[in-house]
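Okay, here's what each chain looks like letter by letter:
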Amino acid sequence: MSESDENRSEPDESPPPPKGPVPTDAMGGVERPAPGPLDPLAAERFSTLEVVGHNSRDLIIVLDDEGTIIYGNPVAQELFGLTPEVGVGANALDFVHPEDAPRVAEHFEELLTTPGASVRDTIRALKANGEIRELEIVSTNSFDHPLVRGVVINGRDVTQRNLYHSQLEMLEERFRLAFEENMAPMSFADHDDHILAVNDAFCQMTGYGREELLGRDSTLFTFPEDFGITEESHRRAVTGDLDHVRYVKRYRCKDGRVIVVEISRAPARDAEGNIIYFVFSERDITEERALTAQLSRQALQDPLTGLANRTLFEDRLLQAHARVVRRGGLGAVFLMDLDDFKGVNDTYGHVVGDELLRSIGRRLEGLTRSSDTLCRFGGDEFLYLAEELTDAREVDALAERILNALNEPFDIAGASLTQRASLGAAVWDSSRQDTSALIQDADVALYEAKRLGRGRYVTFTPTMHNEAANRFTLIQELAQAEARGELAMYFQPLIELATGSIRGFEALMRWRHPTRGMVPPDVFIPLAEQNHLIVELGAFAIREALAAAASFDGAGDGDAPYVSVNLSARQFHDPHLVASISSALEESGVAPRRLVLEVTETVALTDVSQTRLVMSQLHRLGIGVALDDFGTGFSSLSYLVHLRPRIIKIDQSFVRPTSRGPESDAILELIILLGRKLNMTMVAEGVETAEQLERLRSFECEYGQGFFWSPAVPLDEVSNFFRSGAVTVN
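Everything numeric in this text was worked out from a predicted model, so none of it was measured.

### Some points on the side chain of Ser 187
(1) Moving on: Within the secondary structure layout, Ser 187 lies in strand β6 (residues 186-189).
(2) Moving on: Ser 187 sits in the buried class, given a relative accessible area of 5%.
(3) Moving on: With residues near it in sequence (within four places) discarded, Ser 187 still touches Phe 179, Ala 197, Val 198, Phe 202, Phe 278, Val 279, Phe 280 and Glu 282.

### A closer look at the packing of helix α19 (residues 577-588) against helix α21 (residues 608-621)
(1) Moving on: Here α19 crosses α21 at 20°, and the two axes come no closer than 10 Å. Relative to α21, α19 is oriented roughly parallel. Once α19 is placed against α21, the crossing between them reads as right-handed. Residues Leu 577, Val 578, Ile 581 and Ser 582 of α19 lie in contact with α21, whose contacting residues are Val 614, Gln 617, Leu 618 and Leu 621.
(2) Moving on: Considered class by class, the residues forming the contact of α19 with α21 number 6 nonpolar, 2 polar and no charged.

### Digging into the pairing of strand β5 (residues 151-157)
(1) Moving on: Counting buried residues in β5 gives 5 out of 7 residues, a clear majority hidden from the surface.
(2) Moving on: Note that strand β1 (residues 59-63) and β5 share 5 bridges and pair antiparallel. Bridging across to β5, Leu 63 finds its partner in Val 151.
(3) Moving on: In this sheet, β5 lies alongside strand β4 (residues 132-141) in antiparallel orientation, the contact comprising 7 bridges. Across the sheet, residue Asn 141 finds its bridge partner in β5, namely Val 151.

### So, the pattern of salt bridges
(1) Moving on: Evaluation of the coordinates by the stated rule reveals 37 salt bridges.
(2) Moving on: Across the pair Glu 598 and Lys 649 runs a salt bridge whose closest N-O atoms are separated by 2.7 Å. You can see Glu 598 sitting in strand β22 (residues 595-600) and its partner Lys 649 sitting in strand β24 (residues 647-650), a full 51 residues away along the chain. Residue Glu 598 shares its accessibility class with Lys 649, and that shared class is buried.
(3) Moving on: Residues joined in a network through salt bridges with shared partners are Glu 99, Asp 100, Arg 103, Asp 121 and Arg 124.

### Examining the pairing of β6
(1) Moving on: Here β6 shows a buried face lined by Met 186 and Phe 188 and a second buried face lined by Ser 187 and Ala 189.
(2) Moving on: Where β6 and strand β10 (residues 275-284) come together, 4 bridges link them in antiparallel fashion. Across the sheet, Ala 189 pairs through a bridge with Phe 278, a residue of β10.
(3) Moving on: In terms of strand pairing, β6 meets strand β7 (residues 195-198) through 3 bridges, oriented antiparallel. Counterpart to Ala 189 in the pairing with β7 is Ile 195.
(4) Moving on: Turn length for the β6-β7 hairpin, with the two strands adjacent in sequence and antiparallel, is 5 residues, and the turn residue Asp 193 shows positive phi of about 70°.

### Considering empty space enclosed by the protein
(1) Moving on: For the structure shown, the criterion picks out 2 cavities of 30 Å³ or more.
(2) Moving on: Quantified by volume, the largest cavity comes out at close to 110 Å³.
(3) Moving on: Around the largest cavity sit 14 residues that line it, and Asp 193, Ser 218, Phe 221, Phe 280 and Glu 282 are the ones nearest its centre.
(4) Moving on: Secondary-structure elements contributing two or more residues to the lining of the largest cavity are β6, β8 (245-252) and β10.
(5) Moving on: By residue class, the composition of the lining of the largest cavity is 8 nonpolar, 3 polar and 3 charged.
(6) Moving on: Contributing to the lining of the second largest cavity are Phe 334, Met 336, Leu 364, Leu 374, Phe 382, Leu 383, Tyr 384, Ile 402 and Leu 423.
(7) Moving on: Those elements that provide at least two residues to the lining of the second largest cavity are β11 (330-338) and β13 (381-389).
(8) Moving on: In terms of residues, the lining of the second largest cavity owes the most to one element, β13, which gives 3 residues.
(9) Moving on: Looking at the lining of the second largest cavity, its residues break down into 9 nonpolar, no polar and no charged.

Reading guide: rules and limits
- Residues numbered from 1 in each chain as written.
- Predicted model: local features only at pLDDT ≥ 70, side-chain atom pairs only at ≥ 80, totals over all residues.
- Heavy atoms only, no water.
- Helix = DSSP H or I, 4+ residues; strand = E, 2+ residues; numbered from the N terminus.
- Buried < 20%, exposed > 50% of the residue type's maximum accessible area, 1.4 Å probe, protein only.
- Contact = heavy atoms within 4.5 Å.
- Axes fitted to C-alpha atoms, helices over the stretch in contact; angles between N-to-C directions.
- Parallel < 35°, antiparallel > 145°, perpendicular 65-115°, else oblique.
- Left-handed = near helix turned anticlockwise from the far one by under 90°.
- Nonpolar A, V, L, I, M, F, W, Y, C, P; charged D, E, K, R; others polar.
- Pairing = 2+ DSSP bridges.
- Salt bridge = Lys/Arg side-chain N within 4 Å of Asp/Glu carboxyl O.
- 1 Å grid on protein atoms, 1.4 Å probe; cavity = no way out; pocket = protein on both sides within 12 Å on 5 of 7 lines; lining within 4 Å.
- Points joined across faces, edges and corners; volume = space filled by probe spheres on them.

Take a look at the structure:
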């Protein structure tokens, strides 16, 4: 099929209308001059040309020397509406677009001067209905031809072809812009992965120029450890396993930088579906990956220590549980809480406290096995997940290692800090159905470790759940106890040993529960100390004790007795302590000298500088301070001169030792002698027998307190002591 056949078979499409005006008739068609009748010579020529042009697929028109149409073949007839009767005899310029007519007329005049000459041109022609078509024509001077004797115009309709070419050029320009000017790095490669073309963005990304890249494969800039990634995707694309492939690999740029690139590969195919080349579109995701990694670390790591956070730990715990279920063995969760870490923050500040936490984290990391996970749970708590354990002895050994990791002091900001911790463990085997309560179980065991004296570790047992639930219920009920009138202060006398006279009363809190009866103080006081309740209960105790002291005025002989109230660690370090006590004294009207605040030796020595500050403030108010449970702490004697308490209460373990002997007597005598030398009042606690009383009197101890005289009694029974005037000591 000839090119004209292809053009003829394509549907006509109308190009934009001509720029100049086109004359039209009343029916909307092109206005044509009326043709004249054919003369005999024209008729003879028409008959001859009809034979020549009838079967031609090209347009054939013959003009005389005036430019008049003397013949048009069927193609011309169809295009312009010519018939032997209509159109022949019209001027050819009537069928030419007005803007092209001057050029066509000029070419026609040139042809007439040179027999046999030809002119090639592309013109716009007007169909009978006014439609514009583009024609590619060759006009030849054939006046010397015996049969033709005229200008022969041979042409074809190239409207559709030109439209295709225009569209193709536009598409090619768009593609060029999309490739060359694209901000995304792009390249073409052949079947062997050799680069055919690259754009500027690709060169900028890799640092290589076009001349260095063309004809090379991707190994030139691929990071060595990522060799094979492109080759595998190429193989799958060529074999048809995957049409569009997306993958990530690393590039080593010309300047040595290593970047991470996301690559999209797609084949370009011909009409038969064969792969012509591959198109690569790429994206540098190095910063994106770094940001993702950073966000991942932030989401899964503790920002202070860099250890795993709770989210990551719980995920690892879930996986560890599944492994134990599949493989057997044991797993364990250890929850470690630092003992009195608040004292570090209060003494040295949070900067030192934070550095201590980081140092502890690093030290624990040093003993963490590769199969285990260490987590900062929050605050001063750490979680340790141990896997691949075989028996309980390994659990015990690992717990000891964790606690022993803190034995050596920490050197931070010029200070040597000794930090202890308590540890709770929850152990599971393949029979454990889920992990939801393992951390809670470890927390319950941790509480038990602290209750037993801190600095130790306890493994969870099922019975602890009931105890924990009972503690929780008690805490909730204790919070309402004051409002329900269930709390009261009981008073135990402090006796002058030489005379048997009452010197004062220690106010002790009692809780009468509506269903449990009397709840022992050693049960509910530790519960209150674990939360804010101890501050509220302490304030209640001071108010009630001062109210009782006010009622002692004028009772009995001599000076009115004082009252002493125990302070918890939280109360003693409460910054509002002095102000609240001053307010309570003013409200009660009791002289400050008749109030004694008892603080245990352990609490006082936790932060000596803070203790000295608080005690000096209390001394200025005239309030006495007693050092309770003296002798049970460590290094206490060296601090007595600095703290200067008004009263020292000798712990009952010295008053009634487990085994009586010369050594125990010597220790008790030395404690009493030390107090006298320092001009401090000595009170012996826990006196229960006459023998103990005589022993104390022999060592010249001034005061005593204990069941020998009376247990703590309600306020309404205190009057019995005053009626008797004194307590007999013989």
